[in-house]
Amino acid sequence: MSEDVRLVAWVRGRVQGVGFRWFTRARALELGGLSGFALNLGDGRVQVVAEGPRERCEGLLDWLRGADTPGRVDGVTEIWDTPRGGYDGFAIR
């Protein structure tokens, strides 16, 4: 069984106003076992926090970097940490 991790990713590009957070939540739910949120930031980026099994967090990160996202992703910066918990499902904030 895979260890649980915390992924925090900042997505740059044209990622606000294009349904990016909604599709991120949908992808997280599709992968299953993830909790966290997607949040628009004031500087135009979207922050994604996901906690759950490492391979599912990696799957979400691969999707964030892939060509199937809405809008245009110019880059993704991520950090990995230990889970903090406290999330009820995967939310859009």
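Please read all numbers here as calculations on a predicted model, not as lab measurements.

Undergrad: Honestly, the overall build of the chain in this entry has me stumped. Any pointers?
TA: Counting its regular elements, the chain contains two helices and five strands. Taken from N to C terminus, the helices and strands of the chain fall in the order β-α-β-β-α-β-β. Seen through its C-alpha atoms, the chain measures out along the principal axes to roughly 35 × 25 × 20 Å. Residues counted as buried form 40% of the 93 residues belonging to the chain. For the chain, contacts bridging at least 24 residues in sequence account for 76% of all contacts bridging at least 6. Carbon and sulfur atoms form 46% of the exposed surface of the chain, whose accessible area is close to 5000 Å². For the chain, the separation between the mean place of its 13 positive charges and that of its 13 negative charges on side chains is 7 Å.

Undergrad: Looking at this structure, how should I read the UniProt feature "domain: Acylphosphatase-like" (unreviewed entry) in the chain?
TA: The UniProt feature table records "domain: Acylphosphatase-like" (unreviewed entry) at residues 6-93. Counted over residues 6-93, helix gives 27% and strand 41%. Its end C-alpha atoms are 18 Å apart.

Undergrad: In this structure, what is going on with the sheet that holds strand E4 (residues 72-81)? I would like to understand it.
TA: Backbone hydrogen bonds are what pair the strands of a sheet, in a parallel or an antiparallel way. The mixed open sheet is built from five strands, whose spatial order is E4-E1-E3-E2-E5. Of all strands in the sheet, those with a lone pairing partner are E4 and strand E5 (90-92), marking the two edges. Across this sheet, the average inter-strand angle for adjacent strands is 15 degrees, counted without regard to direction. Bridge count between strand E1 (residues 4-14) and strand E3 (residues 46-53): eight bridges; the pairing is antiparallel. Bridged to Arg 6 within E3 is Glu 51. Contacts between helix H1 (residues 20-31) and the sheet are confined to E1, strand E2 (35-40), E3, E4 and E5, with E5 contributing the most and set at about 175 degrees to the helix.

Rules and cut-offs
Residues numbered from 1 in each chain as written. Predicted model: local features only at pLDDT ≥ 70, side-chain atom pairs only at ≥ 80, totals over all residues. Heavy atoms only, no water. Helix = DSSP H or I, 4+ residues; strand = E, 2+ residues; numbered from the N terminus. Buried < 20%, exposed > 50% of the residue type's maximum accessible area, 1.4 Å probe, protein only. Contact = heavy atoms within 4.5 Å. Areas by Shrake-Rupley, 256 points an atom, 1.4 Å probe, with all protein chains shown as cover. Lys, Arg positive; Asp, Glu negative; His and termini not counted. Charge placed at Lys NZ, Arg CZ, Asp CG, Glu CD. UniProt positions renumbered as here; feature names shortened; annotations may be inferred. Pairing = 2+ DSSP bridges. Axes fitted to C-alpha atoms, helices over the stretch in contact; angles between N-to-C directions.

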